[in-house]
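If you want the building blocks of each chain, they are given just below.
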Amino acid sequence: MLEVKDIHTYYGDSHVLQGVSLEVNRGEVVCLLGRNGAGKSTTMKSIMGLVPPRRGHIFFMGEETTGLPPYRMVKRGMAYVPEDRRVFPHLTVEENLEVAHIAARREGRWTVKGILEVFPMLERLRHRKGGHLSGGEQQLLVIARALLANPTMLLLDEPCEGLAPIIVEELEKVILEIRREVTILLAEQNAPFALRVSHRGYVIEKGRIKFQGTREELLANEEVQSRYLAL
Ligand SMILES: Nc1ncnc2c1ncn2[C@@H]1O[C@H](COP(=O)(O)OP(=O)(O)OP(=O)(O)O)[C@@H](O)[C@H]1O
Ligand SMILES: [Mg+2]
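Note that this is a predicted model, so its numbers are computed, not measured. (Residues numbered from 1 in each chain as written. Chains lettered and ligands numbered in written order. Predicted model: local features only at pLDDT ≥ 70, side-chain atom pairs only at ≥ 80, totals over all residues. Heavy atoms only, no water.)

### A short note on the pattern of salt bridges
Okay, so step 1: Here the structure, examined in full by the defined rule, presents twelve salt bridges.
Okay, so step 2: For Asp84, the salt bridge goes to Arg86, with nearest N and O atoms at 3.0 Å.
Okay, so step 3: Of the residues examined, Asp84 reaches a relative accessible area of 39% and is grouped as partly exposed.
Okay, so step 4: The class for Arg86 is exposed, based on a relative accessible area of 61%. (Salt bridge = Lys/Arg side-chain N within 4 Å of Asp/Glu carboxyl O. Buried < 20%, exposed > 50% of the residue type's maximum accessible area, 1.4 Å probe, protein only.)

### What to know about the pairing of strand β9 (residues 200-205)
Okay, so step 1: With respect to burial, β9 is a largely interior element, six of its six residues being buried.
Okay, so step 2: Neither face of β9 is open: one carries Arg200, Tyr202 and Ile204, the other Gly201, Val203 and Glu205, and all of them are buried.
Okay, so step 3: In the sheet, strand β3 (residues 29-33) pairs with β9 via four bridges, with the strands oriented parallel. By the bridge assignment for β9, Val30 is matched with Arg200.
Okay, so step 4: As paired strands, β9 and strand β10 (residues 208-214) are joined by six bridges and run antiparallel to one another. Each residue of the ladder has a partner; that of Tyr202, found in β10, is Gln212.
Okay, so step 5: Hairpin remark: β9 followed by β10, antiparallel, with two residues in the connecting loop; positive phi at Lys206, about 45 degrees. (Helix = DSSP H or I, 4+ residues; strand = E, 2+ residues; numbered from the N terminus. Pairing = 2+ DSSP bridges.)

### So, the site of ligand 1
Okay, so step 1: Around ligand 1 lies a shell of 13 residues, among which Asn36, Lys40, Thr42, Glu83 and Glu158 are the nearest.
Okay, so step 2: Note that an oxygen atom of ligand 1 is positioned 3.2 Å from one of the backbone N or O atoms of Ala38.
Okay, so step 3: The separation between an oxygen atom of ligand 1 and a polar side-chain atom of Lys40 is 2.7 Å.
Okay, so step 4: Burial of ligand 1 by the protein amounts to 60% of the accessible area it has alone, namely 630 Å².
Okay, so step 5: Classifying every residue of the shell around ligand 1 gives three nonpolar, six polar and four charged. (Near = heavy atom within 4 Å. Polar contact = N/O pair within 3.5 Å; in protein donor to acceptor, adjacent residues only side chain to side chain. Areas by Shrake-Rupley, 256 points an atom, 1.4 Å probe, with all protein chains shown as cover. Nonpolar A, V, L, I, M, F, W, Y, C, P; charged D, E, K, R; others polar.)

### What about the pairing of strand β7 (residues 153-157)?
Okay, so step 1: Extensive coverage of β7 is indicated by the burial of five of its five residues.
Okay, so step 2: Burial along β7 is two-sided: Met153, Leu155 and Asp157 facing one way and Leu154 and Leu156 facing the other are all buried.
Okay, so step 3: Here strand β6 (residues 78-81) runs beside β7; their pairing, made up of four bridges, is parallel. By the bridge assignment, Val81 is partnered in β7 with Leu156.
Okay, so step 4: Bridging between β7 and strand β8 (residues 183-188) involves five bridges; their strand directions are parallel. Within the sheet, the bridge partner assigned to Asp157 lies in β8 and is Ala187.
Okay, so step 5: The parallel pair β7 and β8 is bridged by helix α7 (residues 165-178), and the resulting crossover is right-handed. (Right-handed = clockwise from strand over helix to strand, strands pointing away.)

### A short note on unusual backbone geometry
Okay, so step 1: The phi dihedral of Asp6 falls on the positive side, at around 50 degrees, and the residue is not glycine.
Okay, so step 2: Within the secondary structure, Asp6 sits in strand β1 (residues 2-11).
Okay, so step 3: One non-glycine residue, Glu158, lies in positive phi territory at about 45 degrees.
Okay, so step 4: Mapped onto the fold, Glu158 is located in the loop between β7 and α7.
Okay, so step 5: The buried category is assigned to Glu158, whose relative accessible area is 4%.

### A look at the coordination of the magnesium ion (ligand 2)
Okay, so step 1: At this site the magnesium ion (ligand 2) is bound by Ser41 (OG) and Glu83 (OE), with donor distances of 2.0 to 2.7 Å. With Ser41 in helix α1 (residues 40-48) and Glu83 in the loop between β6 and α3 (93-104), the pair connects residues that are 42 residues apart, well separated along the chain.
Okay, so step 2: Using a relative accessible area of 14% as the deciding quantity, one classes Ser41 as buried. (Donors = N, O, S within 2.8 Å, 3.2 Å for Na, K, Ca; no water.)

### Looking at the packing of helix α6 (residues 135-147) against α7
Okay, so step 1: Closest axis-to-axis distance for the α6/α7 pair is 10 Å, and the angle between their directions is 15 degrees. Judged on the interaxial angle alone, α7 and α6 are roughly parallel. α6 and α7 meet at a crossing whose hand is right-handed. Every residue of α7 that contacts α6 at Gly136, Glu137, Leu140, Ile143 and Leu147 is listed here: Ile167, Glu170, Leu171 and Ile178.
Okay, so step 2: Class assignment for the residues of the contact of α6 with α7 results in six nonpolar, one polar and two charged. (Axes fitted to C-alpha atoms, helices over the stretch in contact; angles between N-to-C directions. Parallel < 35°, antiparallel > 145°, perpendicular 65-115°, else oblique. Left-handed = near helix turned anticlockwise from the far one by under 90°. Contact = heavy atoms within 4.5 Å.)

Rendered as structure tokens:
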């Protein structure tokens, strides 16, 4: 479904991604593991067209999409949840979801009612204003909102960051539930979480892929164990 081939991405003169290649097949959850500054977000921004790669190619659903602007990626069915969560603070949870659903204009599986069934925590908070939610609740809302665009594929950038264990648990349930409907690329530093929900993964370091494997291979790899799983 997604093929990233040897991309090189820069911020000005700074050569951040130095030949990143990865693939995500339909129905998979694939994680991109790496420490601070490894290049996870830049990989996602390159795919989404926010920071187009200077070299290399990106294919989505069999067509080359390298350098397409974000709104064209959205139209093609790509959704992106960035690290910084932004909800509409003056709208309630339900209104935040309704706005997203109307804006998306892509027909499909997800409706506001359906999404609230997958996110029981949001269902309970449906009348609360976005600005009055905790960080974790906002994160759930942002993911729910992204799903209302009925994407074919979802890019999730460090959804666990700064979340309380109970919200991480809820998030884990949500991902295991939605992964039947949507293909996911998940950037994470929290390897134990990522490997609980992913089928496969890549390890990125200094803008290069250092290791790739199935969930089992990553769990068994000594270097991955000591560098990413020994928290
Ligand atoms: N807008 C920018 N301008 C210049 N350099 C940037 C910019 N954004 C990121 N970088 C640099 O690019 C490198 C990769 O950053 P990136 O945000 O992709 O890492 P990351 O793996 O997502 O890290 P984190 O886990 O901290 O989010 C880092 O060295 C970072 O300092
Ligand atoms: Mg990042």
